[in-house]
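# Commentary on secondary and tertiary structure
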Amino acid sequence: MAAFCNKDTEHGRAKRVILHKTLQAWFPIYFNRGFRRVNYIDGFSAAGVYGETELARGDNPITRRVNEVCEMGSPLIALHDLTKCFAKLTEQLEYQATLPPGPEGEGISIQELLETPDKALNERQLKYGLRPPLMADIVLVEKEADVMQYLRNNTGAWNSRDYQYDDGIVKYKIHYKQKTFQEAHQEINENFLRVKDQHPIWVRDVPRPTFAFIDPCGYSHTPMDMVQNFLGENKSALINLMVQYFDRFKADQGNIDSLFGCQEWRRITAEDCEERYISYAKLYEEKLRERGATYTLSFAMKDKSNNLMYYLIFATNDKEILSKAKEAFNRVTQEGDDFKFNAFYIKKNKRTLTWLNIQNNEDLAFVIWEDFRGREAVRVCDINDHVTLDTPYIFRKAALVMLYDQGMVSYIEGAAPAKKHDFPNELQINFASSEEEAAKLRKLQNPGTPEEEAEGIWFKYQRRKGIRVGDIKPRWKEALVILYDQGKVSYIEGAQQDRRHSFPDDLEIDFALTEDQATELKHLQNPETEEQEAEGIWFKYQGRQAIMVRDIKPKWKTSLKILLDKRQLHYDEGHEPRRLVNHRGKCLFSLAHDLHHSAIAFYPTEFLGMFSTWV
Ligand SMILES: C[S@@+](CC[C@H](N)C(=O)[O-])C[C@H]1O[C@@H](n2cnc3c(N)ncnc32)[C@H](O)[C@@H]1O
């Protein structure tokens, strides 16, 4: 067996964890999209298994499972992940029913396919039936004959067999190529990369989904012109760029030119060591994008001596797959937001590798807030895209929940989801523009006490009229009682509640315009003295005609007498209290527009005396 297979390394294992976690997502994504046949190409396969490593083992189930997988070499990892994927898919009897409809104008959805009486389409349905066999072509290239023999033995169990899972059939077809990658490349290109399949759901020819793992021992076997064939629609590639190695052989300019597909790398050679390696990776990513990849991502691998050895570079045209590769990178990242694995650090700090995702969602929340503050009506899926494409983080809705609880994010009124803390992809949300604004919103959205909630509600609804209590969804109705007593909330006239402080969900309420107005209303709604109440009544009702006392519901009727005494109030004609003495609370009266226009001056004094008898 090749020497390196006998002795595994930490970074080698980290590399294979990345491959495993990426493939674990990649296979199901394409089969779930309706493809029935995919390619996995391993350009530098090796033997398929590794010996024991010195790695410490974490004792949680995920760590144990991943450790098992990464004792496998890349071909066995691919077969293992594929088998798991097949087993899962064939268990899901209805998995095709969940396929998304085709883009408009591009074909026909499965629903239409099933419903149409058209013969040709029915034939298509038969051909691509609901439970077609799922197939994978596994192309394994290895130039060494003895290594290839090991590889055949190690993968024989899968070779060219059809497997029956429940009532679904899956097919593995392993293509062994005992030659160099350069020699095999032409064949691979013709037979696998250029193949177009008709998408089973949408009537359109598309390249068969292909994942290429390009993991050479050096730099001269993977020229960019060759790598380019693994880039483009439905293609993803994980490439090992051996920066440290080719940097040592800078004089071999011709081969390094081919590796990059340009000469620009030559001007990087003057930079400082690690800076130089970073620049190589950036340039390589740029070239991959020029050659057909839409998205690229780099992961730095350091050895036990803290030397940056190589970069794993992922290239794809698919956002969903990119985010899965990021998740995989994150599993192997030890800390921070830098995609880096450092065997030296692990040894020095006696760290146990857990292969768990260590992203701190608070950091992500902070980044989202920094990038979106002050923006309104931002779609959740656009935030996801930004995080996935422009930051080293993985998008997690948990970060939006944190921002919501801090008041930094809020739902657009009338468009809030049924459940608090829910952030469906198409939902639009607002970002507060400052920490102060957020602090106030926080009191509304995640209040600790009814007082805090009252503050938040006031901040949001001040000046607004006719707001349904059910739309405010207060955690504590007590918050509305507080606002009512402060005069900030009032019942809409005519919709007054029988019971003061009652706030049923379908009740509509008004919010005061200003703090001053609220103070006046407070005197009406929560007066401490008759004088205060009189002031409040005057504030609210001045200039109004034919008001029923029972609508005002004064706490003390003497408040009305105060107004009467001050000639701010007079009785409506025909409603003088003499007649209403026996109808307590049912008297009609009017308040003067203001003191100047008051008609009260004309009342006979005995009237006032009588008034006091019914209050
Ligand atoms: C780094 S190892 C691959 C490890 C493997 N991808 C894994 O993760 O288990 C490189 C392998 O490629 C083989 N190899 C070297 N040069 C090659 C070439 N030009 N074409 C194909 N295979 C080659 C070596 O014999 C070796 O087995």
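Scroll up to find the structure this text is about.
Owing to the predicted nature of the structure, the values given are computational and were not obtained by experimental measurement.

Further remarks concern the overall build of the chain. Counting its secondary structure elements, the chain contains 28 helices and 20 strands. The burial tally for the chain puts 38% of its 615 residues in the buried class. Here the analysis covers contacts within the chain between residues at least 6 apart in sequence; of these, 71% occur between residues at least 24 apart.

Right, let's talk about the sheet that holds strand 14 (residues 428-431) for a bit. Here we have 3 strands laid out as an open sheet, ordered 12-14-13, and antiparallel in their pairing. Among the strands making up the open sheet, the edge pair consists of strand 12 (378-379) and strand 13 (409-411). Pairing of strand 12 with strand 14, which is carried by 2 bridges, proceeds in the antiparallel orientation. In the strand pairing of strand 14, Val-378 is matched with Ile-429.

Our next topic: the nonpolar core. In terms of nonpolar packing, the biggest core is built from 88 residues, with Ile-18, Ile-138, Ala-237, Leu-241, Val-243, Tyr-311 and Ile-313 touching the most fellow members. When neighbours within four sequence positions are excluded, Leu-241 is seen to be in contact with Ala-281, Tyr-284, Tyr-310, Tyr-311 and Ile-313. In terms of nonpolar packing, the next biggest core, distinct from the first, is built from 51 residues, Ile-368, Leu-400, Leu-441 and Ala-518 among them.

Moving on to the site of the ligand. Around the ligand, the structure places 18 residues, and the nearest of them are Phe-44, Ala-46, Gly-73, Ser-74 and Asp-215. Per-class residue counts for the shell around the ligand are 8 nonpolar, 5 polar and 5 charged.

Note that Gly-43 resides in the loop between strand 1 (37-42) and helix 3 (61-70). Its 29 C-beta neighbours within 10 Å are what place Gly-43 among the buried residues. Excluding its chain neighbours within four sequence positions, the residues that come into contact with Gly-43 are Val-141, Phe-181, Ala-212, Phe-213, Ile-214 and Asp-215.

With that settled, consider unusual backbone geometry. A positive phi angle, close to 50°, is found at Ala-377, a residue other than glycine. By the secondary structure assignment, Ala-377 is in the loop between helix 16 (361-372) and strand 12. Here Ala-377 falls in the exposed class, since 10 other C-beta atoms lie within 10 Å of it.

Within strand 8 (residues 235-241), 7 of the 7 residues are buried, which leaves it mostly tucked inside the rest of the structure. Burial of strand 8 is two-sided: the residues Lys-235, Ala-237, Ile-239 and Leu-241 facing one way and the residues Ser-236, Leu-238 and Asn-240 facing the other way are all buried. When strand 7 (residues 210-214) meets strand 8, the two strands line up parallel, connected through 5 bridges. Bridge pairing links Ile-214 to Ile-239 in strand 8. Bridge count for strand 8 against strand 10 (residues 308-316) is 6 bridges, and the pairing is antiparallel. What sits directly across from Asn-240, in strand 10, is Leu-312.

A separate point is the environment of Phe-31. Inspection of the secondary structure puts Phe-31 in helix 2 (residues 10-32). You can call Phe-31 buried: it has 24 C-beta atoms within 10 Å. Measuring from C-alpha to C-alpha, the distance between Phe-31 and Leu-89 comes to 8.1 Å, with 58 residues separating the pair along the chain.

What counts as what
Residues numbered from 1 in each chain as written. Predicted model: local features only at pLDDT ≥ 70, side-chain atom pairs only at ≥ 80, totals over all residues. Helix = DSSP H or I, 4+ residues; strand = E, 2+ residues; numbered from the N terminus. Buried ≥ 20, exposed ≤ 12 C-beta atoms within 10 Å, placed from the backbone. Contact = placed C-beta atoms within 7 Å. Pairing = 2+ DSSP bridges. Core = buried A, V, L, I, M, F, W, Y, C linked by C-beta atoms within 7 Å. Near = placed C-beta within 6 Å. Nonpolar A, V, L, I, M, F, W, Y, C, P; charged D, E, K, R; others polar.

All we've got here are geometric facts, nothing functional implied.
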